[in-house]
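# Notes for the structure review
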Amino acid sequence: MLRFFTGILILAALLAGCAIPQGAASAPTSAPEITMPAAASNIAEPTVTLPTEDQPTAVQPEATQTAASPVSCTSPASLTPALTEGPFFKANSPERASLLEAGMSGTKLTLTGYVLTTDCQPVAHALLDFWQADSQGQYDNTGFTLRGHQYTDANGHYQLETVVPGLYPGRTEHIHVKVQAPGGPVLTSQLFFPGVTNNESDNIYNPALLIKIQENGSSLQGTFDFIIAAQ
Ligand code: FE
């Protein structure tokens, strides 16, 4: 009987001893670790570039207002060749930049350019006196049709509105001109048009005096820069 109780006690003790580890194992239930996404780092912030008010605003440099630079001049430049005056010059032409008149026939031509010295300096207030035949090759020797003089501006620039002259016997298309710097010698010459068949058969023609021509719809845009002696 004693053995029975002893056995019961031992069994109880064993059971009790076993119960302790079981309790210990289940008591401190460690909380599962949850790795939370770092919200702040996972959300990409939109890139917004705001103007910084206290940052000095970049000042736009003022556009330099220069008339189209004469690109044809390399110092020292050669003087524009002189040519014969011909029989149809008349002094005292009216001062005007446009020789166009109502009802005038012919292809309109706007001729622009510069008057420069041989070191490519613009000549302000240079005189340009133009005269020419009409589109039928006729000069006005009684009045001043298609005759006029003007002066260059401070940049040495000029602009003439006229028509393309016609042919007359022995001559290709040409515009007569006298150019003179203030107080300088007078250059008398003529300007010619590219692609005119009669150029080569005209013994006055000089290719150094060809106007650069661009078609502009039904009219022509021409450029020519004069190189003259300043004094
Ligand atoms: Fe002529």
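You'll find the structure just up there.
Figured I'd write up the structure that's included with this text. (Residues numbered from 1 in each chain as written. Predicted model: local features only at pLDDT ≥ 70, side-chain atom pairs only at ≥ 80, totals over all residues. Heavy atoms only, no water.)

## A word on the coordination of the iron ion
Each protein donor to the iron ion is listed here as Y139 (OH), Y168 (OH), H174 (NE2) and H176 (NE2); together their distances run 2.0 to 2.2 Å. Read in sequence order, the donor residues for the iron ion give the motif Y-x28-Y-x5-H-x1-H. Judged by its relative accessible area of 1%, H174 is buried. (Donors = N, O, S within 2.8 Å, 3.2 Å for Na, K, Ca; no water. Buried < 20%, exposed > 50% of the residue type's maximum accessible area, 1.4 Å probe, protein only.)

## Some remarks on the packing of aromatic side chains
Within this structure, the stated rule accounts for eight aromatic pairs. Ring centres of F130 and Y158 lie 6.0 Å apart, and the angle between their planes is 35°; this geometry places the pair in the tilted category. In this pair, F130 is assigned in strand 2 (residues 127–131) and Y158 in strand 4 (residues 157–163), connecting sequence segments 28 residues apart. Here F130 matches Y158 in class, with each residue buried. Above the face of the F89 ring, K178 is positioned so that its terminal group lies 4.7 Å from the ring centre. (Phe/Tyr/Trp six-rings, centres within 6.5 Å; stacked < 30°, edge-to-face > 60°. Helix = DSSP H or I, 4+ residues; strand = E, 2+ residues; numbered from the N terminus. Lys NZ or Arg CZ within 6 Å of the ring centre and 35° of its normal.)

## Describing the nonpolar core
One finds L111, V115, F130, V179, F226 and I228 to be the most contacted residues of the largest nonpolar core, which totals 30 residues. For this core, the elements supplying multiple residues, two or more each, are strand 1 (108–116), strand 2, strand 4, strand 5 (174–180) and strand 6 (186–192). (Core = buried A, V, L, I, M, F, W, Y, C linked by side-chain atoms within 4.5 Å.)

## Focus: the side chain of D129
By secondary structure assignment, the location of D129 is in strand 2. The side chain of D129 is buried and forms no salt bridge, while K178, the nearest opposite charge, is found at 7.4 Å. Of note is the side chain of D129, whose polar atom sits 2.9 Å from the side chain of S93. Those residues in contact with D129, other than ones at most four positions away along the chain, are F89, S93, G148, H149, H176, V177 and K178. (Lys, Arg positive; Asp, Glu negative; His and termini not counted. Salt bridge = Lys/Arg side-chain N within 4 Å of Asp/Glu carboxyl O. Polar contact = N/O pair within 3.5 Å; in protein donor to acceptor, adjacent residues only side chain to side chain. Contact = heavy atoms within 4.5 Å.)

## Remarks on the state of the cysteines
If you walk through the whole model with that rule in mind, you get one disulfide. Across the disulfide from C73 sits C120; the S-S distance is 2.0 Å. Torsion about the S-S bond of the C73 and C120 cystine: about -95°, corresponding to left-handed handedness. Placement of C73 in the loop between helix 2 (39–42) and strand 1 and of C120 in the loop between strand 1 and strand 2 is noted, with a sequence separation of 47 residues between them. The residues C73 and C120 share a single accessibility class, namely buried. (Disulfide = S-S within 2.5 Å.)

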